[in-house]
Amino acid sequence: MAMHRRHPLGYALAVIMVFAMVGAQAQTVLRVGAMEAVRPYFPLLTALYQEIGLTPVFVDLPPERSLRNVESGDLDADLGRAAGSTQGYRNMVETQEMLIPIRLNAIVRKGFPVELSATNLATYRVGHMRGIKLAETFCKQHGLTPMVGNSVEGMLKMLVADRLDVMLLTSGTPLSMYPGHEDAIVTQAKPLQVIKAVHVFNARWADYAPRFDAAVRAFRADGRYVKLLPAQP
């Protein structure tokens, strides 16, 4: 009986097509909301996504809008939120493993004479940017009535101009990301609050939340996490 020999070129093309199909299936793309200011965390999140067969595409949006878009399904995920901050939303799933500790910092003018805390902030003019859930929750918990702005830069200018006494800013967007004010304002050494930040998926990706947590644990165990995490100020 005659044997049919497989043509080498045809065989090679078939192999390439199989690998291309496998690669396409492995690289599911998710749209992830994240402010441009947190770009230093993109390499860490990209590596964690690749570990579980996903590819993130980062979408630059203000925090409040990003969260709304995850809830509606226009986005697939949000880079990082304070644990528990998605309560009240129906279509989101938080991961459990801490990505980073988020510090809520007090930004003041140089020479400010008082170390601020939750107990003495009420006597000062406090402000924060709209959509920063950690700052919003902190102010509600401690009976503060803050001035709320639409941009970090705008609020910093108000602080420099003595229209505010204190601006609340998280460590995810440190003062170093907004150069030009170094001679006028500083971050107080002691944070007002420290809480863990977790990743947030739209509910349709809920099955990936435990895989993401497993990837975070694996990265911590073998040292990749520390290598990819940007230095904290």
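Keep in mind that this is a model prediction, so the values were computed, not measured.

A. Looking closely at the overall build of the chain. The helix and strand tally for the chain stands at seven helices and 10 strands. Counting all 233 residues of the chain, 44% fall into the buried class. A sequence separation of at least 24 residues applies to 75% of the contacts in the chain between residues at least 6 apart. Accessible surface for the chain amounts to roughly 12,600 Å². Of this, 57% is attributable to carbon and sulfur atoms.

B. A look at the packing of helix α2 (residues 42-51) against helix α6 (residues 208-222). Two elements in contact, α2 and α6, have axes separated by 9 Å at closest approach and are oriented at 115°. As α2 runs across α6, the sense of the crossing is right-handed. Facing α2, whose interface residues are L44, L45, A47, L48, Y49 and E51, α6 presents F212, A215, V216 and F219. Split by residue class, the contact of α2 with α6 holds nine nonpolar, no polar and one charged.

C. Molecular detail of the packing of aromatic side chains. Per the counting criterion, the structure on display carries six aromatic pairs. On the basis of an interplanar angle of 25° and a centroid distance of 6.1 Å, the ring pair of Y49 and F201 is categorised as stacked. Of this pair, Y49 sits in helix α2 while F201 sits in strand β10 (residues 193-202), and the two are 152 residues apart along the sequence. For the pair F201 and F212, a centre-to-centre distance of 5.9 Å together with 80° between the ring planes defines the contact as edge-to-face. Linking F201 in strand β10 with F212 in helix α6, this pair joins segments that are 11 residues apart in sequence. Looking at F212, the relative accessible area reads 0%, which means it is buried. Through pairs of rings, three or more aromatic residues link up here, namely Y49, F201 and F212. Stacked on the ring of Y208, the Lys or Arg R211 has its end atom at 4.3 Å from the ring centre.

D. Structural view of α2. Residues F42, L44, L45, A47, L48 and Y49 constitute the buried set of α2. Each element contacted by the buried residues of α2 is listed here: β1 (28-33), β2 (54-59), β3 (77-82), β10, α6 and α7 (224-228).

The rules we used
- Residues numbered from 1 in each chain as written.
- Predicted model: local features only at pLDDT ≥ 70, side-chain atom pairs only at ≥ 80, totals over all residues.
- Heavy atoms only, no water.
- Helix = DSSP H or I, 4+ residues; strand = E, 2+ residues; numbered from the N terminus.
- Buried < 20%, exposed > 50% of the residue type's maximum accessible area, 1.4 Å probe, protein only.
- Contact = heavy atoms within 4.5 Å.
- Areas by Shrake-Rupley, 256 points an atom, 1.4 Å probe, with all protein chains shown as cover.
- Axes fitted to C-alpha atoms, helices over the stretch in contact; angles between N-to-C directions.
- Left-handed = near helix turned anticlockwise from the far one by under 90°.
- Nonpolar A, V, L, I, M, F, W, Y, C, P; charged D, E, K, R; others polar.
- Phe/Tyr/Trp six-rings, centres within 6.5 Å; stacked < 30°, edge-to-face > 60°.
- Lys NZ or Arg CZ within 6 Å of the ring centre and 35° of its normal.

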